[in-house]
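# Report on the structure
One-letter residues, chain by chain:
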Amino acid sequence: KAFVDKAITDFGRIDVLINNAGISMRAAFIDLDLKVLKQLMDVNFWGAVYCTKHALPHLLKVKGSVTGVSSIAGYKGLPGRTGYSSSKFAMHGFLETLRIENLKKGLHVLIACPGFTASNIRNTALGGDGNQQGESPRDEAKMMSAEAVALHIKTAIQKRKRTLVLTRDGKLTVLLNKFFPKLVDKLVYNHMAKEPDSP
C-alpha cells in the first residue's frame, strides 16, 4: 500500500503495474520443508495479489494494465519445482479471474511467460531446507536475456495482449500440452532430469 501511495504522490497516476517479484526453489516435494513452499507463495503469488489490490482502483481510472510475470511452469508443472509451479498456476488463476471481472471496465491484463531467462533466480533458488542453492544448474549464456524479455513484455502491454509466451521451447511446451499432456509429462521429466544433481 505504501508503494502504491508513493507512486500516486510522485506521479499522480498509475498506468501499468508489472508484478515481477519472484523466487524459485529446487527439491523434490518429498524432501521439501513446507516453509519453502509457503515462502514462494508469499512472494510469487501474494506479492502480486497485494500490489494489484492496492493499485487496482488507480488502474481502473485510466483503463490501465496489470501484468504478471509468470512462467511456462504456470502451464506445466516442473518436477523439483512444486512451490514455483504452484505459485505460477495460482497467479494465472488470479489474473484470469481479474481480467474477466473487469471485462467491461477497460482493464488490460497480461500473463507473461518468458521461459528460461538469464537472471539471478536460479542462483538464489531455495533448496528443500530453505537455504539458497548458490549456483545455477543451467547454462545461463544460452538463455534469453532479461533485457530482451522486458522489451517483449513492453510491446505486449502496448498491444494489450492477453498472454505472452516466449522462446521456441516455451511455445512448443504450451502447445503440445494442450493435445498430448501425457507425452509432455515424459518430455518435461527427461529435460529436467538432465540438470546436474537433479532432484
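Our subject is the structure that appears above.
Summary of the structure given here. (Residues numbered from 1 in each chain as written. Predicted model: local features only at pLDDT ≥ 70, side-chain atom pairs only at ≥ 80, totals over all residues. Heavy atoms only, no water.)

### So, the side chain of N177
- Structurally, the position occupied by N177 is in helix 5 (residues 168-179).
- At 2.8 Å, the side chain of N177 forms a polar contact with the side chain of K76. (Helix = DSSP H or I, 4+ residues; strand = E, 2+ residues; numbered from the N terminus. Polar contact = N/O pair within 3.5 Å; in protein donor to acceptor, adjacent residues only side chain to side chain.)

### Digging into the sheet that holds strand 1 (residues 16-19)
- Taken together, 4 strands build an open sheet; the order of strands is 1-2-3-6 and the sheet is parallel. With partners counted over all chains shown, the strands left at the sheet margins are strand 1 and strand 6 (163-165), one partner each. Neighbour to neighbour, the strand axes of the sheet diverge by 15° on average, direction disregarded.
- Across 3 bridges, strand 3 (residues 108-113) lies against strand 6 in parallel orientation. (Pairing = 2+ DSSP bridges. Axes fitted to C-alpha atoms, helices over the stretch in contact; angles between N-to-C directions.)

### Quick word on helix 3 (residues 82-101)
- Taking 1.5 Å of rise per residue, the 20 residues of helix 3 would be expected to cover 28 Å, and the 29 Å separating its terminal C-alpha atoms lies within 8% of that figure.
- All buried positions along helix 3 are accounted for by G83, Y84, S85, S87, K88, M91, H92, L95, L98 and R99. (Expected span 1.5 Å × (residues − 1). Buried < 20%, exposed > 50% of the residue type's maximum accessible area, 1.4 Å probe, protein only.)

### Re the nonpolar core
- Ranked by size, the top nonpolar core spans 19 residues in total, and within it I14, A55, L59, V66, L95, L98 and L107 carry the most contacts.
- Broken down by element, this core gets its largest block of residues, 4 residues, from helix 2 (residues 34-61).
- Setting aside chain neighbours within four positions, we find A55 in contact with V4, I14 and L17.
- Core analysis: the second largest hydrophobic core is formed by 13 residues, I23, L78, L126 and M192 among them. (Core = buried A, V, L, I, M, F, W, Y, C linked by side-chain atoms within 4.5 Å. Contact = heavy atoms within 4.5 Å.)

### Considering the environment of E195
- Along the chain, the position of E195 falls in the segment after helix 6 (181-193).
- Placed 14 residues apart in sequence, E195 and P181 show a C-alpha to C-alpha distance of 22 Å.

### Details of the pattern of salt bridges
- Applying the stated rule across the entire model yields 8 salt bridges.
- Between D15 and R13 there is a salt bridge, and its shortest N-O distance comes to 2.6 Å.
- Relative accessible area serves as the criterion here: at 35%, D15 is assigned to the partly exposed category.
- Among the residues examined, R13 registers a relative accessible area of 45% and is labelled partly exposed.
- Each of R26, R81 and E195 takes part in one network of salt bridges that share partners. (Salt bridge = Lys/Arg side-chain N within 4 Å of Asp/Glu carboxyl O.)

### Notes on the environment of I8
- Summarising the element assignment, I8 is placed in helix 1 (residues 2-11).
- For the pair formed by I8 and K186, sequence separation is 178 residues and the distance between their alpha carbons is 48 Å.
- Discounting chain neighbours no more than four positions away, the residues touching I8 are R13, I14 and H58.

### Describing a nonpolar patch on the surface
- A grouping of L175, F179, F180, L183 and L187 is seen on the molecular surface, where their side chains present a nonpolar patch of about 510 Å² in accessible area.
- Breaking the nonpolar patch down by element, the ones donating at least two residues are helix 5 and helix 6. (Patch = residues over 30% accessible without salt bridge, like charges linked within 9 Å, V, L, I, M, F, W, Y side chains within 5 Å. Areas by Shrake-Rupley, 256 points an atom, 1.4 Å probe, with all protein chains shown as cover.)

### Focus on the environment of F94
- As for its placement among the helices and strands, F94 is situated in helix 3.
- Judged by its relative accessible area of 21%, F94 is partly exposed.
- For F94 and G68, which are 26 residues apart along the polypeptide, the C-alpha to C-alpha distance reads 9.7 Å.
- If we skip the residues at most four places from it in the chain, F94 touches F45, A48, V49 and T52.

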